[in-house]
Amino acid sequence: DAGITQSPRHKVTETGTPVTLRCHQTENHRYMYWYRQDPGHGLRLIHYSYGVKDTDKGEVSDGYSVSRSKTEDFLLTLESATSSQTSVYFCAISAGQGNYGYTFGSGTRLTVV
Amino acid sequence: QQQVKQSPQSLIVQKGGISIINCAYENTAFDYFPWYQQFPGKGPALLIAIRPDVSEKKEGRFTISFNKSAKQFSLHIMDSQPGDSATYFCAASITSNQFYFGTGTSLTVIP
């Protein structure tokens, strides 16, 4: 999707290993989000950022951490991957408070074995 | 608990027919209700959205109907086409910071 790139697109990792997913945007948007998508649950917010070094938890944040050292990059880290974290992860961006236009990336399919 | 409840889980419609997907919510503080369309291997894309001060919004073949008193809203796809086959998510937001999504509806339009 234009302006937002997720990497890697696919990853298989072993239980207990740390994993970092990257979201990169070229829109200079202030807000960035990480969601996970699972059958029967829709999309659920993990963490979001409202500026460089400013982050907050979403509804399913346990086991995940995030960092944003630059406006364009938002990293999601699974400290010690578990099978329950097998999912498709989506990054989204928006221009900010009061601007409801979300743009989603193409997703990262993560499998924890 | 699920903040936004969506039904049906899957839907099969003949080409030219009307597809209807329903969502319900409890939190009356929600002030923005979008619908997203997702094709396989892609991220969700905003399709159409409504605010609670209007009862209906139409964009081409897509219409949102909003019933504030019943706390329900629905997506109607008129003259459904095979290219509309996708997964549809409703969502609700209080501010723009966090959206609550429904569980999704897989729509198949049969030629």
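To be clear, the structure that these remarks concern was listed above.
Residues numbered from 1 in each chain as written. Chains lettered and ligands numbered in written order. Predicted model: local features only at pLDDT ≥ 70, side-chain atom pairs only at ≥ 80, totals over all residues. Heavy atoms only, no water.

What follows is about the overall build of chain A. Of regular secondary structure, chain A possesses 0 helices and 11 strands. In sequence order, the secondary structure elements of chain A are arranged as β-β-β-β-β-β-β-β-β-β-β. Since a compact globule built from 113 residues should have a radius of gyration of about 13 Å, the 13 Å found for chain A is in line with a globular shape. For chain A, the spread of C-alpha atoms along the principal axes amounts to about 40 × 25 × 25 Å. For chain A, the proportion of contacts with a sequence separation of at least 24, taken over those separated by at least 6, is 56%. Just so you have it, chain A exposes about 5100 Å², and 46% of that area is on carbon and sulfur atoms. Treating the 11 positive side-chain charges of chain A as one cloud and the 11 negative ones as another, the clouds have centres 2 Å apart. (Helix = DSSP H or I, 4+ residues; strand = E, 2+ residues; numbered from the N terminus. Rg over C-alpha atoms; globule rule 2.2 N^0.38 Å. Contact = heavy atoms within 4.5 Å. Areas by Shrake-Rupley, 256 points an atom, 1.4 Å probe, with all protein chains shown as cover. Lys, Arg positive; Asp, Glu negative; His and termini not counted. Charge placed at Lys NZ, Arg CZ, Asp CG, Glu CD.)

On to the interface of chain B and chain A, then. On the chain A side, the residues contacting the 22 residues of chain B number 23 residues. Interface area, chain B with chain A, both sides summed: about 1800 Å², of which 51% is carbon and sulfur. At the junction of chain B and chain A, the tally comes to 0 salt bridges. For the pair chain B and chain A, the interface holds 3 residue pairs in polar contact (both at pLDDT 80 or more). Looking at the side of chain B that touches chain A, the elements with two or more residues in it are β4 (33-38), β9 (86-93) and β10 (99-101) of chain B. The leading source of residues in the side of chain B that touches chain A is β10 of chain B, at 3 residues. Classifying every residue of the side of chain B that touches chain A gives 8 nonpolar, 11 polar and 3 charged. (Buried area = accessible area lost by both parts, 1.4 Å probe. Salt bridge = Lys/Arg side-chain N within 4 Å of Asp/Glu carboxyl O. Polar contact = N/O pair within 3.5 Å; in protein donor to acceptor, adjacent residues only side chain to side chain. Nonpolar A, V, L, I, M, F, W, Y, C, P; charged D, E, K, R; others polar.)

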